[in-house]
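Given next are the chains, with one letter for each unit.
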Amino acid sequence: MKDDKRQAAPATLINASVRAAYLAGVYDGFFPVGTLRAQGDIGVGADDRNNGELVMLDGRCYSARSDGSVVELADDALVPFASVTRFRPDRRLRLTGPLPRAEFEARLDAWLDGPNRMFALRVRGRFVRVVAGASGPQPACRPFAEVYPEYHLIPRDGLHGTLAGFRRSEEHTSELQ
């Protein structure tokens, strides 16, 4: 494991809506993708009516749908929930593998700097298996706890690519609401 520390400007996490509203079933899009793109270049969220998982990578927004397709979203597409930031890494962690997910997460958590910080992550590599999940379009006000058991889990084996997301160390994850 190699740790390369660099200086970076303070980052800002921009949220379109709040997680509690999304979990309560507020799925109608209201926030334009173009506005998200003006605020960041990496992020995650939900597509309009929860019709897919939103991923922003390198300033491009994609919706991973329940049928396994991935579509790029236009700037005028509306989303109900997203968190984005400008990806400016101040540290890099290089790991060799293969690593089981639990070991990868343990190493990552040990490497992250302390509590009460959110980290934007870009993970490039070869992945033995990636499992993505998404639902089809949902009616408003259906709580996410009812939707999630119906998610279509789509495994993909032998992928080479980039994963994007946010993480806090494991010991502090339960504090997120």
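Residues numbered from 1 in each chain as written. Predicted model: local features only at pLDDT ≥ 70, side-chain atom pairs only at ≥ 80, totals over all residues. Heavy atoms only, no water.

Draft legend 1. Representation of the packing of aromatic side chains in the model. Applying the stated rule across the entire model yields seven aromatic pairs. Where Y22 meets F144, the ring centres are 5.4 Å apart and the plane angle is 40 degrees; that geometry is what we call tilted. Taken together, the residues span a long stretch of sequence, with Y22 in helix α1 (residues 19-24) and F144 in helix α4 (residues 144-147) at a distance of 122 residues. Given the relative accessible area of 9%, Y22 is considered buried. Note on F144: relative accessible area 16%, which makes it buried. For the pair F30 and F31, a centre-to-centre distance of 6.0 Å together with 80 degrees between the ring planes defines the contact as edge-to-face. Overall, the relative accessible area of 46% leaves F30 in the partly exposed class. Clustering of aromatic rings is evident, with ring pairs tying together Y22, Y27, F81, F144, Y148 and Y151. Lying across the ring of W111, R91 places its NZ or CZ 4.0 Å from the centre. (Phe/Tyr/Trp six-rings, centres within 6.5 Å; stacked < 30°, edge-to-face > 60°. Helix = DSSP H or I, 4+ residues; strand = E, 2+ residues; numbered from the N terminus. Buried < 20%, exposed > 50% of the residue type's maximum accessible area, 1.4 Å probe, protein only. Lys NZ or Arg CZ within 6 Å of the ring centre and 35° of its normal.)

Draft legend 2. Local environment of unusual backbone geometry. With a phi angle near 60 degrees, N50 is a residue other than glycine that sits in the positive phi range. Under the relative-accessibility criterion, N50 is labelled buried at 0%. Positive phi outside glycine occurs at C141, with the angle close to 70 degrees. Tracing the backbone through its elements, the reader meets C141 in the loop between β11 (119-134) and α4. Its relative accessible area of 63% is what places C141 among the exposed residues.

Draft legend 3. Structural detail: the pattern of salt bridges. Taken as a whole, this structure holds eleven salt bridges when the rule is applied. For D75, the salt bridge goes to R37, with nearest N and O atoms at 2.7 Å. With D75 in the loop between β7 (70-72) and β8 (78-79) and R37 in helix α2 (residues 33-39), this residue pair connects regions lying 38 residues apart in the sequence. One salt bridge connects R122 with D58, and the closest N-O pair in it is separated by 2.5 Å. One end of the pair, R122, is in strand β11; the other, D58, is in the loop between β5 (53-57) and β6 (60-64), and 64 residues separate them in sequence. A single salt-bridge network, built from bridges that share partners, covers R142, E146 and E150. (Salt bridge = Lys/Arg side-chain N within 4 Å of Asp/Glu carboxyl O.)

Worth remembering: the numbers are spatial, not functional.
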